[in-house]
Amino acid sequence: MVSAIVLAGGSGNRMNSSTAKQYMELCGIPLVVHALKTFQLSELVDEIVLVTRKEDMEYAGAELVGKYGLTKVAQIIPGGKERFDSVWQGVQATAHFSFAPDGEEQDVILIHDGARPFVSERMIRDSVAAALKYGACTVAVPVKDTIKVVNREGFGIDTPDRSSLYQVQTPQTFRREVIVEAHEHFHAEPRPGITDDTMLVEEYLKKNIYIVEGDYRNLKITTPEDMILAEALLRSGG
C-alpha cells in the first residue's frame, strides 16, 4: 500500500490574500489540485489523504475532490495546530495505520506540501523505491548560491562547502513503520528545533535520510512572486 498525504492547511497571509493559498487559482485550477492530480494519475499511489483546515473540508470535498474526479482521495481530514500535528493525523488516517507489517510486504507513506504544484511521477517513483530500500528519503536539490552562517550580531562567521548542501523539498517518503515510530517518539517527548519529518527520523531514530534527486521547478508557493513564476512555468510547459 502506497499512501500520499497532501498537506493543504495553510493560509494566505504571505500571499496578501484572504483566500488560503492552496485554493488560489494557478492557470485556472486551484493550486493544490495540481499536486493532487499527479498523485491521482500515479500508478504507484493507492490512496490520498488530504489534510486541510476544518472550515475548508466541505469545500475540498465538493470543489476539489468531486469536481476534478480525484477518486483516490480516501479521506479529507482536519489538520492540527502545527505541521507535525497535521502530518501525524494524516498518518493515522492512512488505510493500514493500525496493521502490523505483514512479512516482506511494506507500506510506504509520501508526505507532500500541497503548495508544491510541480511534483512529478518520476519523483514519486524514485521516492517510493528509495523508501523501500533505505526506510526514509526526501526529494532535494543542490543549493546554487554560496551560504553564510550568520551570528546574532549579523556577521557572517562561516561559509560551508556548497557541494555538500542540499535544499530540501517534498515529497518526503518513509516506510510506514519508520514514520510512525518517529512520530510516536516526538509526541511523547517533543524537542525544539525540528522543522520537518526527516529531522524527526534523524533525531529520534538516528537514521540517515537518502536524498532523491529533486527539481528546481518543484518550488513551494509562498509569496505572490512564486505564483507568477509558477504560472510562467506552466504556460511554457515547464
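Below, the structure is looked at part by part. (Residues numbered from 1 in each chain as written. Predicted model: local features only at pLDDT ≥ 70, side-chain atom pairs only at ≥ 80, totals over all residues. Heavy atoms only, no water.)

### Details of the sheet that holds strand 1 (residues 2-8)
Taken in spatial order, the seven strands of this open sheet run 5-4-1-6-10-7-11, and their pairing is mixed. One side of each edge strand has no neighbouring strand; the edge strands of this open sheet are strand 5 (73-78) and strand 11 (210-213). Shown here is a sheet whose adjacent strand axes are inclined to one another by a mean of 25°, direction ignored. When strand 4 (residues 47-52) meets strand 5, the two strands line up parallel, connected through five bridges. Pairing of T52 across the sheet is with P78, part of strand 5. Each of strand 4 and strand 5 is contacted by helix 2 (residues 57-66), which is oriented at about 150° to strand 5, the strand it contacts most. Across the sheet, helix 6 (residues 197-205) lies against strand 6 (108-113), strand 7 (136-142) and strand 10 (166-175), angled at about 70° from strand 10, the strand it touches most. (Pairing = 2+ DSSP bridges. Helix = DSSP H or I, 4+ residues; strand = E, 2+ residues; numbered from the N terminus. Axes fitted to C-alpha atoms, helices over the stretch in contact; angles between N-to-C directions. Contact = heavy atoms within 4.5 Å.)

### Notes on the layout of surface pockets
Approximately 170 Å³ is the volume found for the second largest pocket. Taken together, R116, V141, P142, V143, K144, D145, I147, Q167, Q169, Y216, N218 and L219 make up the lining of the second largest pocket. The class makeup of the residues in the lining of the second largest pocket is six nonpolar, three polar and three charged. (1 Å grid on protein atoms, 1.4 Å probe; cavity = no way out; pocket = protein on both sides within 12 Å on 5 of 7 lines; lining within 4 Å. Points joined across faces, edges and corners; volume = space filled by probe spheres on them. Nonpolar A, V, L, I, M, F, W, Y, C, P; charged D, E, K, R; others polar.)

### Quick look at helix 3 (residues 83-92)
Considered for burial, the residues of helix 3 that qualify are F84, S86, V87, W88, G90 and V91. The elements touched by buried residues of helix 3 are strand 1, strand 4, strand 5, strand 6, helix 5 (176-188) and helix 6. (Buried < 20%, exposed > 50% of the residue type's maximum accessible area, 1.4 Å probe, protein only.)

### Considerations on the environment of K144
Note on placement: K144 falls in the loop between strand 7 and strand 8 (149-150). With 57 residues separating them along the chain, K144 and V87 place their C-alpha atoms 29 Å apart. Those residues in contact with K144, other than ones at most four positions away along the chain, are R162 and Y216.

### Quick notes on the side chain of E47
You can see E47 is positioned in strand 4. Within the buried core, E47 has no salt-bridge partner, and the shortest N-O distance to an opposite charge, that of R176, equals 8.5 Å. At 2.8 Å, the side chain of E47 forms a polar contact with the backbone nitrogen of A95. If we skip the residues at most four places from it in the chain, E47 touches M1, V2, S3, A4, K72, A74, T94 and A95. (Lys, Arg positive; Asp, Glu negative; His and termini not counted. Salt bridge = Lys/Arg side-chain N within 4 Å of Asp/Glu carboxyl O. Polar contact = N/O pair within 3.5 Å; in protein donor to acceptor, adjacent residues only side chain to side chain.)

### Thoughts on the nonpolar core
Counting 31 residues, the largest nonpolar core has V32, F39, I48 and L50 as the members making the most contacts within it. Counting residues per element, the ones that place at least two in this core are strand 1, helix 1 (31-41), strand 4, helix 2, strand 6, helix 4 (121-134) and strand 7. Once residues within four sequence positions are removed from consideration, F39 is found in contact with A4, V6, V45, I48, K72, L110, H112, V119 and I124. Core analysis: the next-biggest nonpolar cluster, separate from the first, contains 24 residues, F174, V178, L200 and V201 among them. (Core = buried A, V, L, I, M, F, W, Y, C linked by side-chain atoms within 4.5 Å.)

### Considering the pattern of salt bridges
On inspection of all chains with the given rule, the structure shows 13 salt bridges. A salt bridge links R176 to D107; the shortest N-O distance between them is 2.9 Å. Placement of the pair is R176 in helix 5 and D107 in the loop between helix 3 and strand 6, with a sequence separation of 69 residues. Each member of the pair, R176 together with D107, is buried.

### Comments concerning helix 1
Helical periodicity: at 3.6 residues per turn, an α-helix aligns residues three or four positions apart in one direction. Within helix 1, nine of the eleven residues are buried, which leaves it mostly tucked inside the rest of the structure. Among the residues of helix 1, L31, V32, V33, H34, A35, L36, T38, F39 and Q40 are the ones counted as buried.

### Re the packing of aromatic side chains
Counted according to the given criterion, the structure contains four aromatic pairs. Seen from their ring centres, Y134 and Y210 are 4.4 Å apart, and the 15° between their planes marks the pair as stacked. Of this pair, Y134 sits in helix 4 while Y210 sits in strand 11; the two residues are 76 residues apart in sequence, bridging distant segments of the chain. Residue class for Y134 comes out partly exposed when judged on its relative accessible area of 33%. Classification of Y210 by relative accessible area gives partly exposed; the value is 37%. Both rings, one in F186 and one in Y204, keep their centres 6.2 Å apart while their planes meet at 80°; by these two values the pair is edge-to-face. Taken together, the residues F186 in helix 5 and Y204 in helix 6 connect sequence positions 18 residues apart. Comparing F186 with Y204, the two get one shared label, buried. Three or more aromatic residues joined by ring pairs make a cluster, and in this case those are F84, F186 and Y204. Of note, K144 hangs over the ring of Y216, and the distance from its end group to the ring centre comes to 4.1 Å. (Phe/Tyr/Trp six-rings, centres within 6.5 Å; stacked < 30°, edge-to-face > 60°. Lys NZ or Arg CZ within 6 Å of the ring centre and 35° of its normal.)

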